[in-house]
Structures are given as C-alpha cells and as structure tokens.
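What follows is each chain in one-letter form.
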Amino acid sequence: MTKTLFNHYKNLLPITSKTPEVTLGEGFTPLVKSNNLSEKYDCEIFFKLEGCNPSASFKDRGMFMAVSKAIENKKNKIICASTGNTSASAAAYGARYNLETIVIIPSGKIALGKLLQAMAYGAKIISIKGNFDQALNAVREISDSLNLEIVNSINPFRLEGQMTGAFEIVDELGSNPDFQFMPVGNAGNISSYYKGYKLYKSKNNKLEFPRLIGIQAENSAPLVDKKIVTSPQTIASAIRIGNPASSSLALEAITQTKGEFLKVSDKQILEAQSLLAKKEGIFCEPASAASLAGFLKYAESNKDYKGKKIVFILTGNGLKDPEVAQKYLSSDIVKTTSKVEDISNAIISGKSKSFFSKFF
Ligand SMILES: *Cc1c(COP(=O)(O)O)cnc(C)c1O
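Residues numbered from 1 in each chain as written. Predicted model: local features only at pLDDT ≥ 70, side-chain atom pairs only at ≥ 80, totals over all residues. Heavy atoms only, no water.

1. Digging into the overall build of the protein
The cut-off we apply is this: The secondary structure listing takes helices from DSSP runs of H or I that are at least 4 residues long and strands from runs of E that are at least 2 residues long, numbered from the N terminus. C-alpha atoms define the radius of gyration, and 2.2 Å times the number of residues to the power 0.38 defines the globule rule. Burial status follows relative accessibility: with a 1.4 Å probe on protein chains alone, a residue under 20% of its type maximum counts as buried, one over 50% as exposed, and anything between as partly exposed.
Looking only at helices and strands, one finds 15 helices and 10 strands in the protein. Over its C-alpha trace the protein gives a radius of gyration of 21 Å, about what one expects of a compact globule, namely 21 Å for 360 residues. Across its three principal directions, the C-alpha atoms of the protein cover 65 × 50 × 45 Å. Looking at the protein as a whole, 55% of its 360 residues are labelled buried.

This is the structure we're talking about:
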C-alpha cells in the first residue's frame, strides 16, 4: 500500500469507515538540514520543504482532508477565497475527484504561477475588485445558499489535515524542535502546528512544544500590531491578509508555546529569499522566506537559539511567483557568440552578480 497522509495518520485525523480516501501524494515533505546557515548561527537549522507537495504548497495537507470530508458529506461543489495557493490546491483536488471548484480571488493580486494552476486544473475563477478579506467574507455569505463546501482554513478539517506537518517533524527528528519559524497570513497553519504538537504531546510526555514564532509582513501585520489592517500591503502575496480568520487560536499557540509574532519588511523578505537560494540551494516563495527573515531579526536581539534545533516552514515553491523574482533578479546574463574561444573568455571574465544587485 502506498504511504499516504490518509492511511499513515488515520488514527490522529477525523477519518471514519465512511470517509473516502483522497490523495494526490501530499505530505512527507523533506526536512533538509541547513548546510551554511547552521554553521554561521551556531545552531541546528532544518528546512521543511512544503513546496514539494503536489500543488507546490502546504495547502495540500489540509485540502486532502477537507475534500475527503466534503465527499463523505455528499457535496459536489467546493469554494474558496484565495491569495493563490488555496485556489491552486482546491482546484487540483476538485479536478481529481470530479468536484466543481469555484475560487474567488482579489483582482490583479495573485502570483502568476498560482493563477495558471487554478486555470490548468479547470476551476471557475471569479476575480473581484477587492482584497482577500473581502473575498472570504463573500464566500462565508454565499456558500450555504448555493450548497457549496468552503475549503478555506475556516473549514475545521483543513486545520486537522495540516497538523500532519507537526507529526512529520517530530517523527523525523525523534523529538520536538526547540523553535519553529513560519509565515502567518490567515493564521490557519500556525494554529494547525500548535494543535498537532499538542496532540503528540498528549500521547508522549517527553515532548515539549517548540516555541512557535509567527512572522508577518510589516504592512500586513494585524497580529503583531494587534489591529485589523484594512488595506494590507506586501510583496509576499500569500500573507497579504489584514484580518486573520484564526487569530484567537494563533494567539493561544503563541502564548502556550512561549512564542511570539514578529514583523519583517519586504526588503528583509527578499533578502532572505535570496539567501536561501544562494546559500542553501532552496528557492521558496516570498511568504515562505519570511520564516528566515524573522529568524534573522530574532537573532539580532536574542541568543537563546544557540545550540538549539530550529525548523523553518518553507510553505511554498519559488516558481509560483516568477514576477516578484524577475523584478529583483539580476538580468546580467553574459552574452556571447557560439565560438568556443568567446565562451571560454566569457567564463573567465564574466562576473556573477548578486541576486538583487539591481534593486538594492
Ligand atoms: C497560505 C500560505 C501562507 C499563510 O498560511 P496561513 O495559514 O494563511 O497563515 C504562507 N505561505 C504560503 C506559501 C501560503 O500559501
């Protein structure tokens, strides 16, 4: 039998004999040990590569569960509001399990790769003049009357499925990490990790909570600034959310794990994205790089992470957002003829420029 999240973690998930198995091969993503950063910061850093999921973000961990339950409950249409990755994931599972998928997106605010995914999987795409929070409000209001199953993280099964991220980390490390840095948008994922660690802790009294450090973008930081942001702005579109649906559970997660919320600037996010690519060979999307940006900020004023095990949740693949990368990547490609001598000279004299050399 192929190992799936559905069958491997069945006893920890809301799965009964009536729940049909839904899978696209989600989960069991690599937990890669850092090569260069661990040494520089004198701690043990691990990257959880959630971009290796089937639709290239962690959203698939919740989606397989939400779609299993939707089918169990005889729904044939699913709907979500999305900054991009939820719609890509919902559309993929919807296509595979013959569910009509409707996605409501803020016009002009979706990363190109994510939009193309929703189109490729055949979702009905409705683009609104408004932001994510307005799209989610609309979804909440219309889903009942149109008999649509909401697959946003306000669907409790999404949060249950996403607990598997925490299970995998503990299973692989053989213990809990000491710290976990992760981006926070609608705050569903940090809530899920908290629930997942808590469930494992209740079964094994040797485990402790990792300190959960949730990272937001500077002008989209309702949980750091403790107020709703009506017009959130950041280059990291996956966390461009001004009124997180899971705020109270996320707050509990921070309090119970002795963690905190931190905010970082777009410049810090892009520098972290570059650093991960240049120093670790990992190209993640901007929102995911906020994890590292947050750690770098944390490390400026704290030293308690030294010698500790630290996990960064790299939530999505960098290829999803080519437009942001293209804006800042150096376009200084050395051009030459096809003559071997010219190519040889180009190798010797051509300089490789830094990732953001043009912008910063
Ligand atoms: C959805 C998403 C987030 C934010 O997760 P929340 O559960 O909304 O806090 C972060 N990064 C990526 C790549 C995402 O797709």
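2. As for the site of the ligand
Spelled out, the test is: Neighbouring residues are identified by heavy atoms, a residue being near a molecule or strand if any of them is within 4 Å of it. Each polar contact in these results corresponds to two N or O atoms within 3.5 Å; when the atoms are within protein, one needs to be able to donate a hydrogen and the other to accept it, and residues that are neighboring in sequence are counted only if both atoms are side-chain atoms. Accessible surface is estimated by sampling points in the Shrake-Rupley manner with a 1.4 Å probe; for residues, cover comes only from the protein chains shown. Residues were grouped as follows: Ala, Val, Leu, Ile, Met, Phe, Trp, Tyr, Cys and Pro as nonpolar; Asp, Glu, Lys and Arg as charged; and all remaining residues, including Gly, as polar.
Surveying the vicinity of the ligand reveals 16 residues, the closest of which are Lys-59, Asn-85, Gly-185, Asn-186 and Thr-315. The separation between an oxygen atom of the ligand and a polar main-chain atom of Gly-185 is 2.8 Å. Against a free-state accessible area of 380 Å², the protein chains account for coverage of 97% of the ligand. Class assignment of the residues belonging to the shell around the ligand gives a composition of seven nonpolar, seven polar and two charged.

3. Describing the sheet that holds strand β7 (residues 179-183)
For clarity, the threshold we go by: The pairing criterion is simple: DSSP has to find at least two bridges between the two strands. Only the stretch in contact is used when a helix axis is fitted, and all axes are lines through C-alpha atoms; the angle between N-to-C directions ranges over 0 to 180 degrees. Pairs of residues are marked as contacts when any of their non-hydrogen atoms sit within 4.5 Å.
Spatial ordering of the open sheet is given by β1-β2-β10-β7-β8-β9, a layout of six strands whose pairing is mixed. At either end of the open sheet lies a strand with only one pairing partner, and these are β1 (31-33) and β9 (260-264). On average, each strand axis in the sheet is tilted by 25° relative to the strand beside it, whichever way the strands run. Pairing geometry for β7 and strand β8 (residues 211-217), over five bridges, is parallel. Bridge assignment links Met-182 to a residue of β8, and that residue is Gly-214. Across the sheet, helix α12 (residues 266-280) is in contact with β2 (44-49), β8, β9 and β10 (309-314); its angle to β9 comes to roughly 95°.

4. Observations concerning the nonpolar core
Definition in use: Put simply, buried Ala, Val, Leu, Ile, Met, Phe, Trp, Tyr and Cys residues joined by side-chain atoms within 4.5 Å make one nonpolar core. Those domain boundaries reflect an automatic or database domain assignment.
Among the nonpolar cores identified, the biggest contains 51 residues, and Phe-64, Ile-169, Ile-190 and Tyr-197 are the most heavily contacted of them. Each of domain 1 (5-56 + 158-324) and domain 2 (59-154) contributes no fewer than three residues to this core. Setting aside its immediate chain neighbours within four residues, Ile-190 contacts Met-182, Val-184, Leu-212, Gly-214, Ala-250, Ala-253, Ile-254 and Phe-261. Core analysis: the next-biggest nonpolar cluster, separate from the first, contains 33 residues, Ala-290, Ala-293, Phe-295 and Phe-312 among them.

5. Looking at the side chain of Ser-89
Following the sequence through the fold, Ser-89 ends up in helix α4 (residues 85-96). On the accessibility criterion, Ser-89 (0% relative accessible area) is buried.

6. What to know about the packing of helix α9 (residues 188-203) against helix α11 (residues 247-256)
What counts, and what does not: Roughly parallel means an angle under 35 degrees; roughly antiparallel means over 145; roughly perpendicular covers 65 to 115; every other angle is labelled oblique. A clockwise turn of the near helix away from the far one marks a right-handed crossing, whereas an anticlockwise turn of less than a right angle marks a left-handed crossing.
The interhelical angle for the contact between α9 and α11, taken along N-to-C directions, is 50°, at an axis separation of 8 Å. Between α9 and α11, the interaxial angle falls into the category oblique. For the pair α9 and α11, the crossing hand works out as left-handed. Contacts between α9 and α11 involve Ile-190, Ser-191, Tyr-194, Lys-195 and Lys-198 from the former and Leu-249, Ala-250, Glu-252, Ala-253, Ile-254 and Gln-256 from the latter. When its residues are assigned to classes, the contact of α9 with α11 shows six nonpolar, two polar and three charged.

7. Comments concerning the domain arrangement of the protein
Inclusion rule: Here the quantity called buried area is the accessible surface, traced with a 1.4 Å probe, that two parts lose on coming together, added over both.
Taken domain by domain, the protein comprises domain 1 (5-56 + 158-324) and domain 2 (59-154). A C-alpha centroid distance of 22 Å is found between domain 1 and domain 2. With 46 residues of domain 1 in contact, the opposing surface of domain 2 contributes 38 residues. Carbon and sulfur atoms make up 54% of the area that domain 1 and domain 2 hide from each other, which totals about 3300 Å². On the domain 1 side of the interface with domain 2, the three residues burying the most area are Val-22, Arg-158 and Lys-320, jointly 25% of the side's total.

8. Quick notes on the packing of aromatic side chains
In this description, a pair of aromatic rings is defined by centroid distance and the angle of the planes. Operational definition: By convention, a stacked pair of Phe, Tyr or Trp rings (six-membered ring in the case of Trp) has centres within 6.5 Å and planes under 30 degrees apart, an edge-to-face pair has planes over 60 apart, and any other such pair is tilted. Put simply, a charge is over a ring when the Lys NZ or the Arg CZ is close to the ring centre, within 6 Å, and near the line of the ring normal, within 35 degrees.
Per the stated rule, a full pass over the model turns up 14 aromatic pairs. Taking the centre distance of 4.7 Å and the plane angle of 15° together, the rings of Phe-167 and Tyr-200 count as stacked. With Phe-167 in helix α8 (residues 164-173) and Tyr-200 in helix α9, this residue pair connects regions lying 33 residues apart in the sequence. The burial state of Phe-167 is the same as that of Tyr-200; both residues are buried. Between Lys-201 and the ring centre of Phe-209, over which it is positioned, the NZ or CZ distance is 5.1 Å.

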